Amino acid sequence: MAPSHVLKCCQKVLAWVPVAFIALVVAWSYYAYVVELCVFTISSTAEKVVYLVVFHLSFVMFVWSYWKTIFTYPASPSNEFCLSKADKEQYEKEERPESQQEILRRAAKDLPIYTTTASRAIRYCDRCQLIKPDRCHHCSACDICVLKMDHHCPWVNNCVGFSNYKFFLLFLMYSLLYCLFVAATVLQYFIKFWTLCRRKAAENCPKNELPDTHAKFHVLFLFFVAAMFFISILSLFSYHCWLVGKNRSTIETFRAPTFRNGPDKNGFSLGCSKNLREVFGDEKKYWLIPIFTSLGDGCNFPTRLVIMDPEQLTVSSQNEPAKSSGSNQSFPTRPLSESQNRLLASDSQWVESGPEEENVKSGAKKHITVSLES
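Residues numbered from 1 in each chain as written. Predicted model: local features only at pLDDT ≥ 70, side-chain atom pairs only at ≥ 80, totals over all residues. Heavy atoms only, no water.

(A) Expanded view of the overall build of the protein chain. Along the protein chain, the regular secondary structure elements total twelve helices and eight strands. A buried classification covers 44% of the 374 residues belonging to the protein chain. Total accessible area on the protein chain stands at roughly 20,900 Å², and carbon and sulfur atoms take up 62% of it. (Helix = DSSP H or I, 4+ residues; strand = E, 2+ residues; numbered from the N terminus. Buried < 20%, exposed > 50% of the residue type's maximum accessible area, 1.4 Å probe, protein only. Areas by Shrake-Rupley, 256 points an atom, 1.4 Å probe, with all protein chains shown as cover.)

The structure is reproduced here in structure tokens:
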């Protein structure tokens, strides 16, 4: 037990090494930019003030979003997804997978679950001993089931999922802006110092060059580091922007969720606008601030297949009765939450008003035709 406990402690300590590395780089970049560049290198007061104001704005937003990504605890399934004591004991006693699945089906009949495994079995975590909600996966690093898990990021030493996915996106965006601003404002001084380094031994070196001090090394490395991080983060940020537009997680990109009609990578996509609202919330004024505004509870999600699923018709149309596929149904009939129904509201209204709009359009066309003939 003792060696195992020591090993786990060492793993926890080592997991913070990437975060410590990023923190040291950010702290050094702050010193190099504020002290070495703005205080000791730039002579224009107006230029110093503008650079320092914009730099500190981007720095604060970058650090704030990074902090929230690291220290926001991953959301886990609620107690309703845990098996009861009797079901758990019965599940552990059963040896046949068919009997175990029957217990899980009975426990999941009232849960908002619409996806299964590839073999059409109820998704169950033996480690956490709970039925997995849609888009939930077990993280081996955190040793918990994470709602809408995207991936485990070593650079934040945390799981990126439902509770902090918005913070992670803002962290990538503000780190890009931070690196871009630093690289863009340092570029002219980088060129001057680079020229000074190459011509400092020449007799015809201009007299009005920057002073040959240790600040030049900070400025040179600052540009290289900012440009390197900008290029590396740009591809990752672009990829996650594409994922948000498609309403997919990284896991779902490589392994499509399985619905009643089979695997579908776009099963949770409601259109780009609604996909954005699902992550960032309804109020756009909070989109760029690292505060939690995502819609839903992370346990159930609206799907574009909701209208095609007979057992989910109560979500898209309350006027039509929901159909049942029999006593052995593996999908529940529980409707979606109110916050998620808002995402589908405009779609259902559009479908209902479709024929009326067509009549209006056809009437308008007739009116135009009559006007032209007269």
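Further notes follow.
(B) Spotlight on helix α7 (residues 215-246). Compared with the 46 Å implied by 1.5 Å per residue over 32 residues, the 46 Å span of α7 between its first and last C-alpha is a close match. Looking at the residues trailing α7, positive phi occurs at Asn247, about 55°. (Expected span 1.5 Å × (residues − 1).)

(C) View of the packing of helix α2 (residues 17-39) against helix α3 (residues 45-71). Where α2 meets α3, the closest approach of the two axes is 11 Å, and the angle between their N-to-C directions is 170°. Between α2 and α3, the angle is such that the two are roughly antiparallel. Only Lys48, Tyr51, Leu52, Phe55, His56, Phe59, Phe62, Tyr66 and Ile70 of α3 make contact with α2, whose side of the interface consists of Val19, Ile22, Val26, Ser29, Tyr30, Tyr33, Val34, Cys38 and Val39. Broken down by class, the residue content of the contact of α2 with α3 amounts to 15 nonpolar, two polar and one charged. (Axes fitted to C-alpha atoms, helices over the stretch in contact; angles between N-to-C directions. Parallel < 35°, antiparallel > 145°, perpendicular 65-115°, else oblique. Contact = heavy atoms within 4.5 Å. Nonpolar A, V, L, I, M, F, W, Y, C, P; charged D, E, K, R; others polar.)

(D) Region of the structure containing unusual backbone geometry. A positive phi angle is found at Arg120, which is not glycine, with a value near 65°. Assignment of secondary structure puts Arg120 in the loop between α5 (97-108) and β1 (124-125). Under the relative-accessibility criterion, Arg120 is labelled partly exposed at 36%. Of note, Arg135 is a non-glycine position whose phi angle comes to about 70°, a positive value. Relative to the assigned elements, Arg135 resides in the loop between β2 (130-131) and β3 (137-139).

(E) Structural view of the nonpolar core. The biggest cluster of nonpolar side chains holds 50 residues, and the ones touching the most others in it are Tyr33, Phe55, Tyr165, Val182 and Val186. If you list the elements that add at least two residues to this core, you get α2, α3, α6 (165-199), α7 and α9 (272-280). The biggest single contributor to this core is α6, with 17 residues. Filtering out sequence-adjacent residues up to four positions away, Phe55 remains in contact with Ser29, Tyr30, Tyr33, Val34, Tyr178, Phe181 and Val182. (Core = buried A, V, L, I, M, F, W, Y, C linked by side-chain atoms within 4.5 Å.)

(F) Structural context of the pattern of salt bridges. Within the structure shown, the criterion is met by seven salt bridges. Here Arg127 and Asp143 are joined by a salt bridge, their closest N and O atoms 2.9 Å apart. In this pair, Arg127 is assigned in the loop between β1 and β2 and Asp143 in the loop between β3 and β4 (144-146), connecting sequence segments 16 residues apart. Looking at Arg127, the relative accessible area reads 60%, which means it is exposed. The class for Asp143 is partly exposed, based on a relative accessible area of 34%. (Salt bridge = Lys/Arg side-chain N within 4 Å of Asp/Glu carboxyl O.)

(G) How the structure looks around the environment of Leu172. Turning to its location among the elements, Leu172 is positioned in helix α6. We classify Leu172 as buried; its relative accessible area is 3%. Between the alpha carbons of Leu172 and Phe230 there is a distance of 9.8 Å; along the sequence they are 58 residues apart. Non-local contacts of Leu172, meaning those with residues more than four positions away in its chain, are made with Ile233, Leu236, Phe237 and His240.

(H) Just the environment of Phe229, in detail. By the element assignment, Phe229 lies in helix α7. In sequence terms Phe229 and Leu176 are 53 residues apart; their C-alpha atoms lie 8.0 Å from each other. Setting aside its immediate chain neighbours within four residues, Phe229 contacts Phe21, Ile22, Val25 and Cys179.

(I) Seen up close, the state of the cysteines. Applying the stated rule across the entire model yields zero disulfides. The thiol sulfur of Cys128 is not disulfide-bonded, and the nearest other cysteine sulfur, from Cys145, lies at 3.7 Å. According to the relative accessible area criterion, Cys128 is partly exposed, its value standing at 25%. No disulfide involves Cys142; its sulfur sits 3.7 Å from that of Cys159, the nearest cysteine. (Disulfide = S-S within 2.5 Å.)

(J) Local environment of the side chain of Thr69. Secondary-structure assignment places Thr69 in helix α3. Using a relative accessible area of 0% as the deciding quantity, one classes Thr69 as buried. In contact with Thr69, not counting residues within four places along its chain, are Val156, Asn158, Asn164, Phe167, Phe168 and Phe171.

(K) Here's a closer look at the packing of aromatic side chains. Throughout the structure, instances matching the rule amount to 26 aromatic pairs. Between Phe55 and Tyr178 the ring centres are 5.5 Å apart and the planes differ by 40°, which places this aromatic pair in the tilted class. Placement of Phe55 in helix α3 and of Tyr178 in helix α6 is noted, with a sequence separation of 123 residues between them. Using a relative accessible area of 6% as the deciding quantity, one classes Tyr178 as buried. Ring plane angle 85° and centroid distance 5.4 Å describe the contact between Phe190 and Phe224, whose orientation is recorded as edge-to-face. Of this pair, Phe190 sits in helix α6 while Phe224 is found in helix α7, placing the two residues 34 residues apart along the sequence. Accessibility expressed as a relative area gives 11% for Phe190, which makes it buried. Phe224 gets classed as partly exposed once you look at its relative accessible area, which sits at 45%. (Phe/Tyr/Trp six-rings, centres within 6.5 Å; stacked < 30°, edge-to-face > 60°.)

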